[in-house]
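# Tertiary structure, described
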Amino acid sequence: MPAVAAIADFALSENAAEDRIVHFRSDGAALSPIEYARLLTRLAEDGGIVADEFSREGVVATLEERMAAMLGKEMAVFMPSGTLANNLALRLLARRGRRVLVQRESHIYNDTGDCTQELSGLTLIPLASERATFTLAEVKAEVARAEEGRVSTPVGVISIESPVRRVLGEVFDFAEMQRIAAFAQERGIGLHLDGARLFLASAYTGIAPARYAALFDTVYVSLYKYFNAASGAVLAGPRQLLENLYHQRRMFGGGLRQAWPFAAVALHYLEGFSERFQRATAAADNLFQALQNLPNCEIPRSPAATNVTRLFVSGRDAVALPERLLPRGIAIRPVLRSSPQKAEFELFTNETLLRRPIREIVEIFAEAL
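The paragraphs below set out a description of the structure included in this document. For clarity, every value in this text was computed on a predicted model and none was experimentally measured.

## Things to note about the sheet that holds strand E12 (residues 337–338)
Taking strand neighbours across the sheet as the criterion, the 4 strands line up as E9-E10-E13-E12 in an open arrangement whose pairing is antiparallel. Of all the strands in the sheet, the pair left with one neighbour each is strand E9 (297–298) and E12.

## As for helix H3 (residues 58–71)
Here H3 spans 20 Å end to end across 14 residues, near enough to the 20 Å set by a 1.5 Å rise per residue. Among the residues making up H3, those that are buried are Gly 58, Val 59, Val 60, Ala 61, Leu 63, Glu 64, Met 67, Ala 68 and Leu 71. Of the residues flanking the end of H3, it is Gly 72, one or two places downstream, whose phi is positive at about 70°.

## Observations concerning the packing of aromatic side chains
The geometry of an aromatic ring pair comes down to the distance between the two centres and the angle between the two planes. A full pass over the atoms with the stated rule returns 9 aromatic pairs. On the basis of an interplanar angle of 85° and a centroid distance of 5.3 Å, the ring pair of Phe 174 and Tyr 212 is categorised as edge-to-face. Here the residue Phe 174 occupies a position in helix H8 (residues 174–187), and Tyr 212 occupies one in helix H10 (residues 209–213), the gap between them amounting to 38 residues. A relative accessible area of 13% means that Phe 174 is categorised as buried. Consider the rings of Phe 199 and Phe 227, whose centres lie 5.5 Å apart with planes at 70°: the pair is edge-to-face. With Phe 199 in helix H9 (residues 198–205) and Phe 227 in the loop between strand E7 (218–222) and strand E8 (233–237), the pair connects residues that are 28 residues apart, well separated along the chain. Across the pair, exposure class does not vary: Phe 199 and Phe 227 are buried alike.

## So, the pairing of strand E10 (residues 308–314)
For E10, a buried count of 5 out of 7 residues is recorded, marking the element as mostly surrounded by other parts of the structure. Relative to E10, E9 runs antiparallel, the two being bridged by 2 bridges. Of the residues in E10, the one forming a bridge with Cys 297 is Val 313. Relative to strand E13 (residues 342–348), E10 runs antiparallel, the two being bridged by 7 bridges. For Thr 309, the partnering residue across the bridge sits in E13 and is Leu 347.

## Structural notes on the environment of Thr 309
Here Thr 309 lies in strand E10. Exposure remark for Thr 309: the relative accessible area of 1% places this residue in the buried category. Residues Thr 309 and Phe 348, spaced 39 residues apart in sequence, show a C-alpha to C-alpha distance of 6.4 Å. Apart from the residues lying within four places of it in its own chain, the contact partners of Thr 309 are Phe 288, Ile 299, Arg 301, Phe 345, Glu 346 and Leu 347.

## A few points about the packing of helix H14 (residues 273–292) against helix H16 (residues 358–368)
Interaxial distance between H14 and H16 falls to 10 Å at its minimum, and their mutual angle equals 35°. Once H14 is placed against H16, the crossing between them reads as right-handed. In contact with Ala 283, Asn 286, Leu 287, Ala 290 and Leu 291 of H14, H16 contributes Ile 358, Ile 361, Val 362 and Phe 365. Split into classes, the residues belonging to the contact of H14 with H16 amount to 8 nonpolar, 1 polar and no charged.

## Some thoughts on H14
Compared with the 28 Å implied by 1.5 Å per residue over 20 residues, the 28 Å span of H14 between its first and last C-alpha is a close match. Where H14 is concerned, the buried positions are Phe 273, Arg 276, Phe 277, Ala 280, Thr 281, Ala 283, Ala 284, Leu 287, Phe 288 and Leu 291. On the buried face of H14, the contacting elements are H9, helix H13 (260–270), E9, E10, E13 and H16.

## Regarding the sheet that holds strand E3 (residues 99–103)
The 7 strands lie next to each other as E2-E8-E7-E6-E5-E3-E4, forming an open sheet whose pairing is mixed. Two strands in the sheet have a free side with no partner beyond their single neighbour: strand E2 (75–79) and strand E4 (123–127). The sheet shows a mean angle of 20° between the axes of neighbouring strands, taken without regard to direction. Of the pairings in the sheet, the one linking E3 to strand E5 (residues 155–161) comprises 3 bridges and is parallel in character. Across the sheet, Leu 101 pairs through a bridge with Ile 158, a residue of E5. Docked against the sheet, H3 engages E2, E7 and E8, running at close to 130° with respect to E2.

## Quick notes on the pairing of E5
In terms of burial, E5 is a largely internal element, 7 of the 7 residues being buried. In this sheet, strand E6 (residues 190–194) lies alongside E5 in parallel orientation, the contact comprising 5 bridges. For Glu 161, the partnering residue across the bridge sits in E6 and is Asp 194.

## A short note on the pattern of salt bridges
If you walk through the whole model with that rule in mind, you get 20 salt bridges. With a shortest N-O distance of 2.8 Å, Glu 271 and Arg 66 are connected by a salt bridge. Linking Glu 271 in the loop between H13 and H14 with Arg 66 in helix H3, this pair joins segments that are 205 residues apart in sequence. The salt bridge partner of Glu 346 is Arg 333, with a shortest N-O separation of 3.9 Å. Of the two residues, Glu 346 is situated in strand E13 and Arg 333 in the loop between strand E11 (330–331) and E12; the sequence distance between them amounts to 13 residues. Owing to a relative accessible area of 5%, Glu 346 belongs among the buried residues under this scheme. When its relative accessible area of 33% is taken as the criterion, Arg 333 is described as partly exposed. Overlapping salt bridges bring together Arg 165, Arg 310, Arg 333, Arg 337, Glu 344 and Glu 346 as one network.

Here is what the cut-offs are and how they apply
Position labels on residues start from 1 in each chain and follow its written sequence. Thresholds applied to this predicted model are a pLDDT of at least 70 for local features of residues and 80 or more for the giving and counting of side-chain atom pairs; totals over whole chains, interfaces and linings are not thresholded and use all residues. Calculated side-chain values reflect all of the structure's heavy atoms, with hydrogen atoms and water omitted. Note: two strands are recorded as paired if DSSP finds a minimum of 2 bridges between them. Counting from the N terminus, the helices are DSSP H or I runs at least four residues long and the strands are E runs at least two residues long. By this rule, a helix spans an expected 1.5 Å times one less than how many residues it contains. Accessible area is worked out with a 1.4 Å probe on protein chains only. A residue is then buried under 20% of its type maximum, exposed over 50%, and partly exposed in between. Any Phe, Tyr or Trp ring, taking Trp's six-membered ring, that has another such ring centre within 6.5 Å forms a pair; planes under 30 degrees apart are called stacked, those over 60 apart edge-to-face, and the others tilted. Between two residues, a contact is recorded if the distance between any of their heavy atoms is within 4.5 Å. Every axis in this analysis is a line fitted to C-alpha atoms, fitted for helices over the stretch in contact. Angles between the N-to-C directions lie between 0 and 180 degrees. In this scheme the crossing of two helices becomes right-handed for a clockwise turn of the near helix relative to the far one and left-handed for an anticlockwise turn of less than a right angle. For this scheme, ten residues count as nonpolar: Ala, Val, Leu, Ile, Met, Phe, Trp, Tyr, Cys and Pro. Four count as charged, namely Asp, Glu, Lys and Arg, and the remainder, Gly too, count as polar. Criterion for a salt bridge: a side-chain nitrogen of Lys or Arg within 4 Å of a carboxyl oxygen of Asp or Glu.

Pasting the structure below:
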């Protein structure tokens, strides 16, 4: 019994320490395996978790219905990854033509290899190098070029990622998005939104996820980035397009035997997320303003920025900032770039910022600097 009590005391103290850690390393809470297991146990004991069968029914269906409602879509389908969600969306929408307009800095273009070409026979046309937003004029020019060439190769889909992780999490300009959507609808071109971080963006733009999603035929949202599931995604859209999509999901190897450990956690964090993250962004604004006032800190912010912030620290030992912060319960990523005079870090705003008073976090940064 004493050994059991000692183990219990250790677990409680470890859990209390984890609850105090503020990390700036990712979009979500970065749950440890033990935190994740404890949460699943609590969810199962408190309200029960109805298991799914090959990613259908049970808590997976509950999550799909909830997400569809929040996005203003007729239905949603669970996917094991955003890569599969994006690929199936483009595959479904490419009815007018096999060319797909994407951002040069998008996840689809940079991080999935030749997925769409190899698996779905689609050709990606990149626009807006080093920018989050491409313009209607660029879209019109590419559509005309594709259709009026010696061999007509119509554009079938326009895919937009927003926010764009590779451009410091900047959002696609909403007015331009509306103009492009109107043009695409007139021409019968499919529209897909890679909205992996869509719910994060709303806290900064004031535009609800459903209002963004209304412009598009389909929209993908990540379940792991900030809804803290171990994996998973949701693809939402019209019923006539998605109703039997589970067949293609299985054909591509995505019909997981059971997905309830992902769906239950995502559903838990989905409820009340917008309100909590709004408080986190307000806290982050106060933190960044305070850090900006320190003599050796610089924090530039783009008007289109969301939860990714660059911190520039001057001083000879600036690169060691992560090591100095960690013992005090503040975790940041290793230096991004450095010179003898300055170090550059990337800070991600997430819900863990609400674990401690901002004044306390500022003091820890000031001492570490």
